[in-house]
Amino acid sequence: MLQKFGWGGAGCPRCERKNGGGARYCGGCGLSLGAPRNAPVLVDNRWVAGPDELAVFFGVRELSGIFVKTLRVPATGRAYILQGDMATEVPQGEYEIEGFFTRLNHLLRDQHAEILVTRTGALPVEFRFDDIATSEQLAVTARFTVSLRIENVPAFARHFMTQPGAIGTQELRELLSAPVRQLLEEFVGARSIREMAGNQDLREQLDARLQGGLKLLLAEYGLAVVKVDTVELRHDKYDANRAKVGSLWLAVDERHVQVEHRKHLDELYDAEEWQRLRRTEQRARVRQREAELRQDDAIARAELSLQGADRAHAVRARQIELYARILDAQSRKQALERGAGDVLAELEHELAKKGAQRRDEALEWQHLRALAQLRMRSELEVAQQDARQAQAIARQRFSHTLLQQQIRYKIEQAGSIEDAARKQAELVRLRQAEEDGARHARAIDEEEHVARHQLLVLANTARRREAERLQEWEDEQARLAIETARSTAQQDKLARTIALESQQAREQQGVVLEAEERRHALRLAEQEAFAGMDDTAKLALAAAPNAALLNDFMKTRVHATMDADQLSSLAAVVGAGQLTPDEALALVAREQARRDGEVDKERRHQVALLAAQVGAVAGVAASVRQCRHGHAVREGERFCGACGAPLQS
């Protein structure tokens, strides 16, 4: 790193020895020529950075040459020794040469080395910008500090330690002004003054945005952002004579600004002025959109300058912010409450032009959210490409600014060369390097113009793709609506078919039940009518097999109701036709005997039942004790409980 730079003819900043024209290191102490004249580091051998310095770095021909005096590393400083690709931290303390190499035994005392001295804590670098525009084109003044420290020593050495020198607040402010301003414009330009005034967490959000953006940029250079402190963020209003009317403090450090200096937002602007500011914001967005649509594929016809492109970036960030609010809202009312009314009106107008009005409010809100999502997707594609290009350009400008600083420092150091010829040759070489740097800066500007044009082409392509996506989404929604209607119709048809089949089944079942009921009623009526007939009619209407059985049954029932004389007469009648008189009499006698037997049997049964009942009553009566008056008493009692008469044992 540092060993490739030689400052022939320059005096040593440490021992002030004059050196030859081709010397890279001092012939006396071995310090690299061109090192900064830092008294604590080089003269007193006390390694500590200055109050406004982040780091001091220089080289030595031999590492043992730093021990002209006792080496001191205080608690407020951090020291590193770089040999080759290895960086070794020197702990706090005082060192003599032998103790130093005994403690750090992997270092080579006879080899050259680079020394980096930095601070233990972070170095705060203050920034101030007075013309940051909000979404309504209101100027905002921002003042904040960015605290930086060295995080990766090898990466820092590759980019910064190309020559002996120091880096402090002035150099860091010059390096970081452009990227810090860009991040601030993105944050403030995406918000209105009212939104920032009502946001209690605005300061924390701004600090986080700046810290996150700078972290990505500075990581490859070995630097880290420890924290960002917003001192003030305010808006000043001026009258026609440029006299300050008042200030609105959006974010403020109370240690620097008193509370009575605050102004309420409505005290600065009335309703008419707010309407004018709102129209200004709307016109800016419309002009930006129209300018993007008018761009041609040729760079010569590009209408947006670099300043306009920066403003376009802020407008795009504002659009993305408003689209995100619509997507996060659950209803139109909520979107209006979140300040997305202008974009919502634009989307509603877009739907109205396409005749996409819907009766269902929920479906209309779904369509609006889908349109906002497609718009946001297109804006994000352009914004991401813009961010990648801006990050690449920012890195190139950062490296170019760092190179310019190093060239300026070399020119200053070349003035200390005593050899006039050597000094003139070195200055000519450095001026040539400065011209090369200027040409490189112009090349970066041209590359940025080309990148801006490519971004415009991408924006136009994104707009066309947005229209295609919207048409695809609408076609998909229409297809889904047709399929839904078709499915609904099929379901309705199936439901109607099922209902008709069920109704038909119920009607058929009713017909069957009614027929069964009628047959049952007819059967009952027939049975009642048959039962009401006389025996002759029953015998006449009965079927042939049943008629014979019915005839026998009727004969038996008639015979059972006859007395002896009737039976004799019947027997006589029957015998007259078929039996002899003796047979008829015998038949009558048998029948009479049977009947008498049955009567006697019934009479004996009745007598037996009566005797059994009488015996049961007598047994119960015998088992119950009674007094002489006939009262029932319990077993074991000596007197009647009813009348008190004594009982016999």
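If you're wondering where the values come from, they're calculated on a predicted model, not measured in any experiment. (Residues numbered from 1 in each chain as written. Predicted model: local features only at pLDDT ≥ 70, side-chain atom pairs only at ≥ 80, totals over all residues. Heavy atoms only, no water.)

Caption draft 1: Main features of the nonpolar core. Within the largest apolar cluster, 54 residues are counted, with the highest numbers of intra-cluster contacts made by Leu116, Phe144, Phe156, Phe160 and Ile167. Among the elements that line this core, the one with the most residues is helix 4 (residues 169-189), at 8 residues. Those residues in contact with Phe156 that sit more than four places away from it in its chain are Ala55, Phe57, Leu116, Ile150, Met161, Ile167, Tyr221, Gly222 and Leu223. In terms of nonpolar packing, the next biggest core, distinct from the first, is built from 26 residues, Leu33, Phe58, Ile66 and Phe67 among them. (Core = buried A, V, L, I, M, F, W, Y, C linked by side-chain atoms within 4.5 Å. Buried < 20%, exposed > 50% of the residue type's maximum accessible area, 1.4 Å probe, protein only. Helix = DSSP H or I, 4+ residues; strand = E, 2+ residues; numbered from the N terminus. Contact = heavy atoms within 4.5 Å.)

Caption draft 2: Inspection of the sheet that holds strand 3 (residues 77-83) at higher detail. Taken in spatial order, the 5 strands of this open sheet run 4-3-6-1-9, and their pairing is antiparallel. Two strands in the sheet have a free side with no partner beyond their single neighbour: strand 4 (86-90) and strand 9 (165-168). With direction set aside, neighbouring strand axes in the sheet form an average angle of 20°. Bridge count for strand 3 against strand 4 is 5 bridges, and the pairing is antiparallel. Across the sheet, Leu82 pairs through a bridge with Ala87, a residue of strand 4. Taken strand by strand, helix 4 contacts strand 1 (53-60) and strand 9, and its axis lies near 65° from that of strand 9. (Pairing = 2+ DSSP bridges. Axes fitted to C-alpha atoms, helices over the stretch in contact; angles between N-to-C directions.)

Caption draft 3: Structural detail: the sheet that holds strand 10 (residues 223-238). Within the open sheet, the 4 strands sit side by side as 7-8-10-11. Their pairing is antiparallel. Each edge of the open sheet carries a strand with a single partner, namely strand 7 (123-133) and strand 11 (244-252). In this sheet, neighbouring strand axes are inclined to one another by 20° on average, regardless of whether the strands run parallel or antiparallel. Here strand 10 pairs with strand 11 via 7 bridges, running antiparallel. Paired with Lys237 across the strands is Gly246, a residue of strand 11. Strands strand 7, strand 8 (139-150) and strand 10 of the sheet are contacted by helix 4, whose axis makes an angle of about 45° with strand 7.

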